[in-house]
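# Chain and residue survey
The lines below spell out each chain.
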Amino acid sequence: MSERLFKISISTPEKTIFEGEISSLVAPGEMGYFGVLVDHAPLIANLMPGKIIIKDGPSQPTVFNCKSTGILEVLKNNVNILVDSAERA
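As a starting point, this report considers the structure included with it. This structure is a prediction, so every number in the text was calculated from the model and none was measured.

## Section: the environment of Ala41
The residue Ala41 is located in the loop between strand 4 (32-37) and strand 5 (43-47) in this model. A C-alpha to C-alpha distance of 19 Å links Ala41 and Glu3, two positions 38 residues apart in sequence.

Right, dumping it as structure tokens:
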């Protein structure tokens, strides 16, 4: 059975940092870190500075350092993350 994936886009005002399909996401919310998997319920969350960790298969996770607050939206297996500043760790 193949792994189910969902789409993600991580963007700043200047550019899109990452766009692709992933199997899981961990992000820094106001009340702590939280996870998102395929078929997650619709969600809008405020992000805090911290690490955004994405996993797109059997390889090592990809980590982004989020240096500012932002917004995360989950809707119909699409995740949009908008932050002022972030970079690949």
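There's plenty left to go through after this.
## Looking at the pattern of salt bridges
Inspection of the entire model under this criterion finds two salt bridges. The partner of Asp39 in a salt bridge is Arg4, and the shortest N-O contact between them spans 2.8 Å. Of this pair, Asp39 sits in the loop between strand 4 and strand 5 while Arg4 sits in the segment before strand 1 (6-11), placing them 35 residues apart in sequence. Residue classification places Asp39 among the partly exposed positions, given a relative accessible area of 48%. Accessibility expressed as a relative area gives 45% for Arg4, which makes it partly exposed. Among the ionic pairs, Lys67 bridges to Glu87, the shortest N-O distance being 3.2 Å. One end of the pair, Lys67, is in the loop between strand 7 (62-66) and strand 8 (70-75); the other, Glu87, is in strand 10 (residues 86-88), and 20 residues separate them in sequence.

Rules used in this analysis
- Residues numbered from 1 in each chain as written.
- Predicted model: local features only at pLDDT ≥ 70, side-chain atom pairs only at ≥ 80, totals over all residues.
- Heavy atoms only, no water.
- Helix = DSSP H or I, 4+ residues; strand = E, 2+ residues; numbered from the N terminus.
- Salt bridge = Lys/Arg side-chain N within 4 Å of Asp/Glu carboxyl O.
- Buried < 20%, exposed > 50% of the residue type's maximum accessible area, 1.4 Å probe, protein only.

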